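Here is what each chain is made of, one letter per residue.
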Number of protein chains: 2
Amino acid sequence: MAKQERGTRSKQAILAAAAEVFDLRGYDAASTNEILARSGLTRGALYHHFHSKESIAAALFEAHSGALVAPERSTKLQSIIDLTFAFAAQLQRDPVLRASVRLAVEKTSFPRPANTPYEQSTEVIHELLDQARLQGETLPGLDLSDATTVIIGAFTGLQAMSLVYTEREDLPERLGAMWRLLLPGLVTPGLIGTLRVTPPPAAVVADDRARAEAAAAAS
Amino acid sequence: MAKQERGTRSKQAILAAAAEVFDLRGYDAASTNEILARSGLTRGALYHHFHSKESIAAALFEAHSGALVAPERSTKLQSIIDLTFAFAAQLQRDPVLRASVRLAVEKTSFPRPANTPYEQSTEVIHELLDQARLQGETLPGLDLSDATTVIIGAFTGLQAMSLVYTEREDLPERLGAMWRLLLPGLVTPGLIGTLRVTPPPAAVVADDRARAEAAAAAS
């Protein structure tokens, strides 16, 4: 194995171990000792990649933006809805995203970098809402900043409740309820009945994934 | 000072100190040593009232229900809206409520008692929504359990965002945005324009407080 490849692998091992520890304990109670023990690497290897617990947490934040790529839909509101379902599905299976959400939501001694998950989500949702507005999907006079804040706030709180009650197993149902309640305040009445507020069918998810991978390979 | 009064005072001092420490550090990073140091009491006094960190946290949860008394309004939706504004105002000034919310929202090693703040809030909001339904305020066919979950989830997430961004200073504005967006999915169109989605005027808040104190004294 080439030296560079070994380096990438050990960095990934540290991030995976750190994600589990941050997800489990939160930032302040997490220790680099436990991260080291879980990663199976030496302290030297850890400090080769990250000079502090803080820099590991910052690296986990960067992974967040990868989960914020909206699937292509002709109706932009459907893109937003399906982005939330895709994000929820990834939260259920990916400890790195879970750790990033926990680091973002909790108030800790972690000094937040400028571009936190809240800012990343705000940018993505606001842009999609603006496209929806241009396509005539949104209610006239809708305040897009307010709408963005409420969508992200509601998602944040519902995933926190779902975590406490069911380890996020019921998150898709909670999201469905969120969209049924929010849509009448967001979109034109005629559009509501055409939007799906349940997770996309498996075939659609597979298409989305293939397209995202092709886009990533091309860039 | 009578012995009983001294006991109540030292218990209150412990709870106030614990609230600050839990609010600042979260459950797992909080230590009884720091709680003791802040309270200025002896370890013996602490263990006289509470046998563990867990039992202190459970006592803070109980304080939560006091913040969930809805102000009386002829329109029940206005009661719910004003309850959220009153809760937000108390969150801004009361470390005990802040600590209780942090303990409720975060996933920690704290074994939750059966009646958590989520359950308390769910009971109160669901009951008020049911009264609103009987008064003909809600949309026909509204699922009250879904509506309750989304209101509590959205509040939970928006206060978490407001905490990170402004130490909860902008929470009333965020709540206003939440209600403007949620109301069209909750209530009959004619009612929307009659509801106030800003914090109640000071005179109304003073009336609410006087009524709550009278009710507490009578019970």
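Residue numbers restart at each chain and count upward from 1, following the sequence in its written direction. As they are written, the chains are lettered A onward and the ligands numbered 1 onward, keeping that order. The predicted nature of this model means local features are confined to residues of pLDDT at least 70 and side-chain atom pairs, given and counted, to a pLDDT of 80 or more, with totals for whole chains, interfaces and linings taken over all residues. Note that water and hydrogens are dropped before the side-chain values are worked out from all heavy atoms of the structure.

**Topic: the relation of the copies chain A and chain B**
Phase 1: Here the copies are superposed with least squares, the fitted atoms being C-alpha atoms of residues at a pLDDT of at least 70 in both. Rotating chain A by 180° about the axis while translating it 0.0 Å along that axis superimposes it on chain B, leaving an RMSD of 0.0 Å. On the angle and the small slide along the axis, the relation comes out as a two-fold axis.

**Notes on the packing of helix α5 (residues 76-93) of chain B against helix α7 (residues 117-134) of chain B**
Residues and elements named next belong to chain B.
Phase 1: For every element, the axis is a line fit to its C-alpha atoms; helices are fit only across the contacting stretch, and the angle between N-to-C directions ranges from 0 to 180 degrees. A run of H or I in DSSP becomes a helix once it reaches four residues, and a run of E becomes a strand once it reaches two; helices and strands are each numbered from the N terminus. Viewed as axis vectors pointing N to C, α5 and α7 meet at an angle of 155°, and their least axial separation amounts to 8 Å. Relative to α7, the element α5 lies roughly antiparallel. The residues of α7 that touch α5, namely those facing Lys 76, Leu 77, Ser 79, Ile 80 and Leu 83, are Val 124, Ile 125, Leu 128, Leu 129, Gln 131 and Ala 132.
Phase 2: For the contact of α5 with α7, the per-class residue count stands at eight nonpolar, two polar and one charged. Any angle from 65 to 115 degrees is called roughly perpendicular, while one under 35 is roughly parallel, one over 145 is roughly antiparallel, and all others are oblique. Contacts between residues were defined by any pair of non-hydrogen atoms, one from each residue, lying within 4.5 Å. All amino acids are sorted into three groups, where Ala, Val, Leu, Ile, Met, Phe, Trp, Tyr, Cys and Pro are nonpolar, Asp, Glu, Lys and Arg are charged, and the leftover types, Gly among them, are polar.

**A closer look at the pattern of salt bridges**
Phase 1: One speaks of a salt bridge when a side-chain nitrogen belonging to Lys or Arg is within 4 Å of a carboxyl oxygen belonging to Asp or Glu. Under the counting rule described, the total for this entry stands at 22 salt bridges over all chains.
Phase 2: With a closest N to O distance of 3.0 Å, B:Arg174 and B:Asp170 form a salt bridge.
Phase 3: Here B:Asp170 falls in the buried class, since its relative accessible area comes to 18%.
Phase 4: A cluster of three or more residues bridged by salt bridges with shared partners is formed by A:Arg73, A:Asp82, A:Arg196, A:Asp208 and A:Arg211. The rule is simple: take the accessible area with a 1.4 Å probe, protein chains only, and divide by the maximum for that residue type; under 20% is buried, over 50% is exposed, in between is partly exposed.

**Quick word on the packing of aromatic side chains**
Phase 1: What counts as a ring pair is set by centres within 6.5 Å for rings of Phe, Tyr and Trp (its six-membered ring), and what kind of pair is set by the plane angle: stacked under 30 degrees, edge-to-face over 60, tilted for all other angles. Evaluated as defined, the whole model comprises six aromatic pairs over all chains.
Phase 2: Here the aromatic rings of A:Phe87 and A:Phe155 are separated by 5.5 Å at their centres, their planes lie at 85°, and the arrangement is edge-to-face. Here A:Phe87 is found in helix α5 (residues 76-93), whereas its partner A:Phe155 is found in helix α8 (residues 144-166), with 68 residues between them in sequence.
Phase 3: The exposure class assigned to A:Phe87 is buried, which follows from its relative accessible area of 8%.
Phase 4: With relative accessibility at 10%, the residue A:Phe155 sits in the buried group.
Phase 5: Relative to B:Tyr165, the ring of A:Tyr118 has its centre 5.9 Å away and its plane inclined at 40°; by these criteria the two rings are tilted. Note that A:Tyr118 is positioned in helix α7 (residues 117-134) and B:Tyr165 in helix α8 (residues 144-166), a pairing that runs across two chains.
Phase 6: The buried category is assigned to A:Tyr118, whose relative accessible area is 4%.
Phase 7: B:Tyr165 sits in the partly exposed class, given a relative accessible area of 35%.
Phase 8: Definition used: whenever NZ (Lys) or CZ (Arg) falls within 6 Å of the ring centre and also within 35 degrees of the ring normal, the charge is taken to sit over that ring. Here A:Lys53 stacks its cationic end above the ring of A:Tyr27, 4.6 Å away from the centre of that ring.

**A few points about the interface of chain A and chain B**
As a measure of interface size, the accessible area lost when the parts come together is often cited.
Phase 1: Taken together, the 37 residues of chain A in the interface contact 37 residues of chain B.
Phase 2: Buried area: the sum, over both parts, of the accessible surface (1.4 Å probe) that disappears when the two are put together. When chain A packs against chain B, the two sides together hide about 3,100 Å² of surface, and 69% of this comes from carbon and sulfur.
Phase 3: When the area that chain A buries against chain B is broken down by residue, the three leading residues are A:Lys107, A:Val164 and A:Leu181, summing to 23%.
Phase 4: Counting every contact that joins chain A to chain B gives two salt bridges.
Phase 5: Between B:Arg180 and A:Asp146 there is a salt bridge whose closest N-O contact spans 2.6 Å.
Phase 6: Counting of polar contacts relies on pairs of N or O atoms within 3.5 Å, with two restrictions inside protein: one atom must be capable of donating a hydrogen and the other of accepting it, and residues adjacent in sequence are counted only when both atoms are side-chain atoms. For the interface between chain A and chain B, the tally reads four residue pairs in polar contact (both at pLDDT 80 or more).

**Considerations on the domain arrangement of chain A**
Residues and elements named next belong to chain A.
Phase 1: Note that the domain bounds were set by an automatic or database domain assignment. You can read the domains of chain A as domain 1 (3-61) and domain 2 (63-218).
Phase 2: Just the C-alpha atoms count here: the centres of domain 1 and domain 2 sit 28 Å apart.
Phase 3: Every contact between the two is made by 15 residues of domain 1 and, on the other side, 20 residues of domain 2.
Phase 4: For the pairing of domain 1 and domain 2, the buried interface totals around 1,400 Å² over both sides, and the portion due to carbon and sulfur atoms is 66%.
Phase 5: Sorting the residues of domain 1 by area buried against domain 2 places Asp 23, Tyr 27 and Phe 61 first, and these three jointly supply 50% of that buried surface.
Phase 6: Applying the counting rule to domain 1 against domain 2 returns one salt bridge.
Phase 7: Between the two partners, domain 1 and domain 2, sit three residue pairs in polar contact (both at pLDDT 80 or more).
Phase 8: When contributions to the side of domain 1 that touches domain 2 are tallied by element, the ones reaching two or more residues are α1 (3-29) and α4 (53-64).

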